[in-house]
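# Chain and residue survey
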Amino acid sequence: MKKFLMVLAMASMSVAGMAQDDAATLKYSVATNSFWSNWFISADVAYEAFYSNEERGKGFSKSPLKDFRRNLGASVAIGKWFTPGLGLRTKVTGIWGRSVLSENASDNAMKFWNAQEQVLFNLSNLFCGYSETRVWNLIPYAGVGILRNCSQNEYAHAASLGLLNTWKLSKNIAFNVDLGFNISDDDIEGIEKSHEVYGHSIASADRYFSLEAGLTFNLGKATWNKVPDVDAIKALHQSQLDALNAQLADANAENTRLNNLIKNHKCPEATAAAATIKEVAAAPVSVFFNLGKSKVASKKDLVNLKALADMAKDNGQTLVVTGYADSKTGSASFNQALSEKRAETVKKELVKLGVAENKIETVAAGGVNDISPVSYNRRAVVTIK
């Protein structure tokens, strides 16, 4: 038992050491899935070596390869992972076993089953973070349950410790190797011993070691949903707010310009009274875009665009659409192409609003840093020529 616990502790330490090597794999925080997700079933063939309380003092060989103490068996289990690191399974092991009453294999033959509820700890996910592409998982477990000697019609309390290794073969299938240690009450053979003689130590209990190999099949959804990127959502909301602030800044600047025109306005000379001059002053309209995109970020921008389009149509004027990108992200060539796409996007919207294509000019200004914050530069500006 002590050796087994030492092996388990060493394995846990090795997983902690793997954390750096696993840093290259994709790891992320996950959200808890629904109750019906992350279920699995497994089926294994087992090699088992039995050690009985009845052999105490008889000098039997301790080798797990001896015929009188080894046998083959099988196990099936069904379980569920509640998080990437914590799961629960119901496991039944059995068929053929050994009582180890003598060194004659035929004297020791028995049939049994061992049903247990086991808690699973996926150390690979707990120490290294969840990765959907990870191949190998190291999973210690502990459990309790009932063992029955079918040949003697005896029941006993049982407990187990083990180390489960799984290797991913496909999205829903894994190969597993399970090293287990099981103990039970010492009267499972139907021969009860006095605890005054043997005490309650593990050495006085009936026990067996098992080495199992088989397949695990995932049922339904076998992966974990990524937690929404709150920072990205906040950044998107902030960029939309920045766009509205930039639009307001453009409108305020135009209002200042118009106020200056009014203040500096001079009445026309009387000789010009015969001439009819039609002048229309309109504020430029800004249409904003998200980072790296040429799709209009907010349809609200198109409301102001319609007013400017109607004014241009009524007065037969030409509209100039200038596309911009922010110079802080992307290369110069990428930003040049992106600003051109943004200008073309707004041009298409103006055509939909009834402006003739020959009355629209487009300009690609590339990446700029004219306005702060930088997100204000992700826009296209429409002006009357």
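Located above this text is the structure these notes cover.
Think of each chain on its own: its residues are numbered from 1, step by step along the sequence as written. Confidence filtering applies because this is a predicted model: local features only for residues at pLDDT of at least 70, side-chain atom pairs given and counted only at 80 or more, and all residues used for totals across whole chains, interfaces and linings. Water and hydrogen atoms were dropped before computing side-chain values, which therefore reflect all heavy atoms in the structure.

### Describing helix H6 (residues 301-315)
Relative to the 21 Å expected for 15 residues at 1.5 Å per residue, H6 spans 22 Å between its end C-alpha atoms, a close match to the ideal helical length. For every residue, the accessible area obtained with a 1.4 Å probe (protein chains only) is divided by the maximum for its type, and the residue is called buried under 20%, exposed over 50%, and partly exposed between those limits. Secondary structure counts use DSSP, requiring at least four H or I residues in a row for a helix and at least two E residues in a row for a strand, with both numbered from the N terminus. For H6, the full list of buried residues reads Asp 301, Leu 302, Leu 305, Leu 308, Ala 309 and Ala 312. Seen end-on, H6 carries its buried residues on one side only, within an arc spanning 115°. Seen from the open side of H6, the exposed residues pointing more than 90 degrees away from its buried face are Val 303 and Asp 314. Directly beyond the C-terminal end of H6, a positive phi value near 65° is found at Gly 316. In this analysis, the expected span of each helix is defined as 1.5 Å times one less than the number of residues it contains. Throughout, the arc means that of the directions going from the helix axis to the C-beta atoms.

### Some details on the environment of Asn 245
Mapped onto the elements, Asn 245 comes out in helix H5 (residues 230-263). In this structure Asn 245 comes out as partly exposed when scored by relative accessible area, which is 33%. The sequence separation of Asn 245 and Tyr 376 amounts to 131 residues, and the corresponding C-alpha distance is 8.1 Å.

### Focus: helix H7 (residues 332-352)
Between the first and last C-alpha of H7 there are 31 Å, a value that for 21 residues agrees with the 30 Å anticipated at 1.5 Å per step. All of the buried residues in H7 are Asn 335, Leu 338, Ser 339, Arg 342, Ala 343, Thr 345, Val 346, Lys 347, Glu 349 and Leu 350. We call two residues in contact whenever any of their non-hydrogen atoms come within 4.5 Å of each other. Contacts made by the buried residues of H7 are with strand S9 (285-288), H6, strand S10 (319-326), strand S11 (360-368) and strand S12 (379-384). Remark: Gly 354 follows H7 within two positions and exhibits a positive phi of approximately 100°.

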